[in-house]
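Residue-level structural notes
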Amino acid sequence: MTHSLSDFQDKIQAFPRVDLIHLPTPIQKLENLSKELGGPDIYMKRDDLTGLAFGGNKSRKLEFIIHDVLEKGADVIITWASLQSNWCLQTAAAARKFGITPILVLFKTYELPEEYDGNLLLDFILKADIKIREAEVGKVVKQEDVDEILEEVVFEVKEWGHTPYVAPIGGSMVSCSMDKPLGAISYALAYAEMLEQTESMGFQPDYIVHATGSGGTQAGLAVGAKALTPNTQILGISVSEDKETFSQDVFTIAQDTLKALDVDIALNKEEDIHVLDEYLGEGYGIITKDVSDAIRQVSVKEGIFLDPVYTGKAMTALFDLVNNGTIKKGDKVVFFHTGGTAALFPYKHKLTSFLE
Ligand SMILES: *Cc1c(COP(=O)(O)O)cnc(C)c1O
């Protein structure tokens, strides 16, 4: 059963959140790129323009998560991810705005210099408490590596007499201090926001293409699509894990989201959760020639910058899906630009060597 847009929005609006970003984010047709590819009409949902600390999908999630932090009486937020993490930067910026102290555990999952550049520079300017740790290159951070240090940091914060809130990586999986899938809930609402925009432009999308990392974005979009426009396919382009691992993560988060929203629909893992892992390249955070070319092509055609870790990879996937005929002429595609552009700078050597 499909739901009406306004009922669905009302259900989500019932979840409290703080005011952190500019909504709705713009949506625009990529005229030049659509023409160049000669296939579908390609639109871009500009979630890189949320307006908090260089923008991105994590700031949508943080409107709900920061409210949860305040409601739980915490004054310190602890989270973790990779050295150049967009999530950690956005968390630190959002925390600062609400007088919460950010502690970031950053893992060296790529061969980038440990210098203040890109998001790490912004973390430093924000006076985040930064703890850098070793990790396996090209992989997402493993939970075993995280648990021990989190326990130490939580202990220290309590010793100082403060109250910590541990936010799960990417704000996606129900875990740590977050007992509802707040990140995915924000993306179910983002789906409704996008649909209002496309409907006023006279269409419903056939495909949504976006980068998938910790799974919350895809889970939210999948719930939104299933409830509102079940013929729209959500294609999550994995940036780090195999299809099986991510499909299960996204499915779990999506189920939790349906429960939290009390929306009466059933999701099927095989039919509703599409994760593509063919575009991983050499692994998480490792930029390739293809990704560099996609970043350049979108900048040259549209004056828009993608990022090296997520949206650049997702765009290589979109190009391929058009070239191989999966997405056809006449189809309408919305590409979610989920942000991350501050990470272009620490990739300067690799980018220039691929593009020279
Ligand atoms: C985190 C991130 C994603 C992936 O979102 P998830 O909800 O973690 O799957 C995509 N793009 C950018 C730029 C990100 O920072």
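Note on numbering: residues in each chain are counted from 1, in written sequence order. With pLDDT at 70 or above as the cut-off, local features in this predicted model cover only qualifying residues; side-chain atom pairs require 80 or more to be listed or tallied, and sums for whole chains, interfaces and linings still use all residues. Computation of side-chain values covers all heavy atoms of the structure but excludes hydrogens and water.

The way it works is that DSSP assigns letters per residue, a run of H or I at least four long becomes a helix, a run of E at least two long becomes a strand, and they are numbered from the N terminus. Every helix has an expected span of 1.5 Å times one less than the residues it contains. With 14 residues, helix α11 (residues 289-302) should reach 20 Å at 1.5 Å per residue; the first-to-last C-alpha distance of 20 Å fits that figure. Among the residues of α11, those classed as buried are Val-291, Ser-292, Ala-294, Ile-295, Val-298, Ser-299 and Glu-302. Projected onto a plane normal to the axis of α11, the buried residues spread over an arc of 160° and lie on a single side. Exposed and oriented more than 90 degrees from the buried face of α11 are Asp-290 and Val-300. Should any heavy atoms of two residues lie within 4.5 Å, those residues are counted as being in contact. Buried residues along α11 sit against α2 (31-37), α12 (311-323) and α13 (348-355). Gly-303, located one to two residues past α11, shows a positive phi value of around 70°. Relative accessibility decides the category of a residue: with a 1.4 Å probe and only protein chains considered, values under 20% of the type maximum give buried, values over 50% give exposed, and everything between is partly exposed. The arc in question is traced by the directions running from the helix axis to the C-beta atoms.

The next thing to look at is the sheet that holds strand β9 (residues 274-276). Spatially, β1-β2-β10-β7-β8-β9 is the arrangement adopted by the six strands of the open sheet, whose pairing is mixed. In this open sheet, the two strands that pair with only one neighbour each are β1 (27-29) and β9. Pairwise comparison of adjacent strand axes, ignoring direction, gives a mean angle of 25° for this sheet. As paired elements, β1 and strand β2 (residues 41-46) share three bridges and run antiparallel to each other. The residue of β2 that forms the bridge with Gln-28 is Met-44. The sheet contacts of α12 involve β2, β7 (207-212), β8 (233-238), β9 and β10 (332-337), and relative to β10 the element is tilted by about 165°. Note on pairing: two strands pair once DSSP finds at least 2 bridges between them. Note on geometry: axes are lines fitted to C-alpha atoms, helical ones only across the stretch in contact, with angles between N-to-C directions running from 0 to 180 degrees.

For the rest of this paragraph, the subject is the packing of aromatic side chains. Note on aromatic pairs: the rings of Phe, Tyr and Trp (six-membered ring only in Trp) are paired at centre separations within 6.5 Å, and the planes decide the class, stacked below 30 degrees, edge-to-face beyond 60, tilted for the rest. Tallied over the entire structure, the rule returns six aromatic pairs. When the centroid spacing of 4.3 Å and the interplanar angle of 25° are considered together, the rings of Tyr-116 and Phe-124 count as stacked. Taking the relative accessible area as the measure of exposure, Tyr-116 reaches 49% and is therefore partly exposed. Judged by relative accessible area, which is 43%, Phe-124 ranks as partly exposed. Ring plane angle 70° and centroid distance 6.1 Å describe the contact between Tyr-284 and Tyr-310, whose orientation is recorded as edge-to-face. Of this pair, Tyr-284 sits in the loop between β9 and α11 while Tyr-310 sits in the loop between α11 and α12; the two residues are 26 residues apart in sequence, bridging distant segments of the chain.

So, on to unusual backbone geometry. Cis geometry is adopted by the peptide bond preceding Pro-24, which originates at Leu-23 and carries an omega value of -5°. The residue Pro-24 is located in the loop between α1 (5-13) and β1 in this model. Even without a glycine there, the phi angle at Ala-53 is positive, about 45°. Within the chain, Phe-54 stands out as a residue other than glycine whose phi angle is a positive 70°. With respect to the helices, strands and loops of the structure, Phe-54 is situated in the loop between β2 and α3 (57-71).

Consecutive residues of a regular strand have side chains that alternate between opposite faces of the sheet. Counting buried positions along strand β3 (residues 76-82) gives seven out of seven residues, so the element sits mostly inside the fold. In this sheet, strand β4 (residues 101-108) lies alongside β3 in parallel orientation, the contact comprising seven bridges. Looking at β4, one finds that Ile-77 is bridged to Pro-102.

The working definition used for a salt bridge is a side-chain nitrogen of Lys or Arg within 4 Å of a carboxyl oxygen of Asp or Glu. Per the stated rule, a full pass over the model turns up 17 salt bridges. A salt bridge links Arg-60 to Asp-47, with the nearest nitrogen and oxygen atoms 2.7 Å apart. Highlighted residues: Arg-60 in helix α3 and Asp-47 in the loop between β2 and α3, separated in sequence by 13 residues. With its nearest N and O atoms 2.5 Å apart, the salt bridge here joins Asp-117 to Lys-348. With Asp-117 in the loop between β4 and α5 (118-125) and Lys-348 in helix α13, this pair connects stretches of sequence that are 231 residues apart. Given the relative accessible area of 12%, Asp-117 is considered buried. Bridged by salt links that share partners, the residues Lys-29, Glu-31, Asp-41 and Lys-332 form one connected network.

As for its placement among the helices and strands, Lys-108 is situated in strand β4. By relative accessible area, which is 18% here, Lys-108 ends up buried.

All right, on to the site of the ligand then. Taken together, 16 residues are adjacent to the ligand, and Lys-58, Lys-61, Ser-214, Thr-217 and Thr-338 come closest. The side chain of Ser-214 places a nitrogen or oxygen atom 2.6 Å from an oxygen atom of the ligand. All accessible-area figures derive from a Shrake-Rupley calculation using a 1.4 Å probe, and residue coverage is judged against the displayed protein chains alone. For the ligand, whose unbound accessible area comes to 380 Å², protein coverage reaches 98%. Those elements giving two or more residues to the shell around the ligand turn out to be α3, β7 and α8 (216-228). No other element matches the three residues that α3 contributes to the shell around the ligand. For the shell around the ligand, the class distribution of residues is two nonpolar, 12 polar and two charged. Where each domain begins and ends is defined by an automated method or by a domain database. Residue-level mapping places the shell around the ligand at the junction of two domains, with at least three residues from each of domain 1 (5-57 + 181-355) and domain 2 (58-171). To be near a molecule or strand, a residue needs just one of its heavy atoms within 4 Å of it. In protein, a polar contact means a hydrogen-donor-capable atom and an acceptor-capable atom, both N or O and within 3.5 Å, with residues adjacent in sequence counting only if both atoms are side-chain atoms; elsewhere, any N or O pair within 3.5 Å suffices. Charged means Asp, Glu, Lys or Arg here, nonpolar means Ala, Val, Leu, Ile, Met, Phe, Trp, Tyr, Cys or Pro, and polar covers whatever is left, Gly included.

So far we have only geometry, and geometry alone does not tell us how the molecule works.
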